[in-house]
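Survey of secondary and tertiary structure
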Amino acid sequence: MSAIDDVLEMNAAFAAAYTDRHPPRPPKRRLAVIACMDSRLDIYKMLGLDEGDAHVIRNAGGVVTEDTIRSLVISQRIGGTREVMLVHNTECGMLTFQDDELKRQVESETGVEVPFAFHAFSDLEEQVRRSMARVRESPLLVHKDAVRGFVYDVHTGRLREVR
């Protein structure tokens, strides 16, 4: 059985017991969380969030990219979020390669030019600072005064704020 088939079975069990709880569409806590897609990060559990509490935007590294800004514009203007929390993590895969190397590998294997940056980084805390700066400096965002960044330790479960 494939992984997708397996999770579809689990969804069927979930749906059988599902009760329409009507969580609010705008996030109740008016919070947007930008986090790494690392499978070890259960954002809702680690932050004590319930369904409907926050918008959670995830990508490789939790990097603030053009698409992240696009999602934040929608989150703020349509969803009413006012605070932005960045969550990067120790042992992140983005620390294990360099953009140019991966780009060359992909282009060599596929024969197709990679049209985007991978945004790998070598300094975790500096990347958190860069991501916070991208949010604060975006002219498209209206709420930039409550932007905070953190590093999640995958061994202890603790968040450490980056200033």
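Presented here is an overview of the structure given in this document. (Residues numbered from 1 in each chain as written. Predicted model: local features only at pLDDT ≥ 70, side-chain atom pairs only at ≥ 80, totals over all residues. Heavy atoms only, no water.)

Okay, a nonpolar patch on the surface next. Side chains of Ile4, Val7, Leu8 and Met10 sit close together on the surface and give an oily, nonpolar patch of about 400 Å² of accessible area. Along the chain, the position of Ile4 falls in helix α1 (residues 3-16). We classify Ile4 as exposed; its relative accessible area is 60%. (Patch = residues over 30% accessible without salt bridge, like charges linked within 9 Å, V, L, I, M, F, W, Y side chains within 5 Å. Areas by Shrake-Rupley, 256 points an atom, 1.4 Å probe, with all protein chains shown as cover. Salt bridge = Lys/Arg side-chain N within 4 Å of Asp/Glu carboxyl O. Helix = DSSP H or I, 4+ residues; strand = E, 2+ residues; numbered from the N terminus. Buried < 20%, exposed > 50% of the residue type's maximum accessible area, 1.4 Å probe, protein only.)

Further remarks concern the environment of Arg130. Counting through the fold element by element, Arg130 comes out in helix α5 (residues 124-137). Each C-alpha atom of the pair Arg130 and Arg21 lies 38 Å from the other, and the pair is 109 residues apart in sequence.

What follows concerns helix α3 (residues 66-77). Between its terminal C-alpha atoms α3 stretches 16 Å, which fits the 16 Å expected from twelve residues at 1.5 Å a residue. Among the residues of α3, those classed as buried are Thr68, Ile69, Ser71, Leu72, Ser75 and Gln76. Buried residues along α3 cover an arc of 160° about the axis, so they all sit on one side. The outward face of α3, more than 90 degrees from its buried face, is lined by the exposed residues Glu66 and Arg77. On its buried side, α3 packs onto β1 (31-36), β2 (54-59), β3 (83-89) and α5. (Expected span 1.5 Å × (residues − 1). Arc of directions from axis to C-beta. Contact = heavy atoms within 4.5 Å.)

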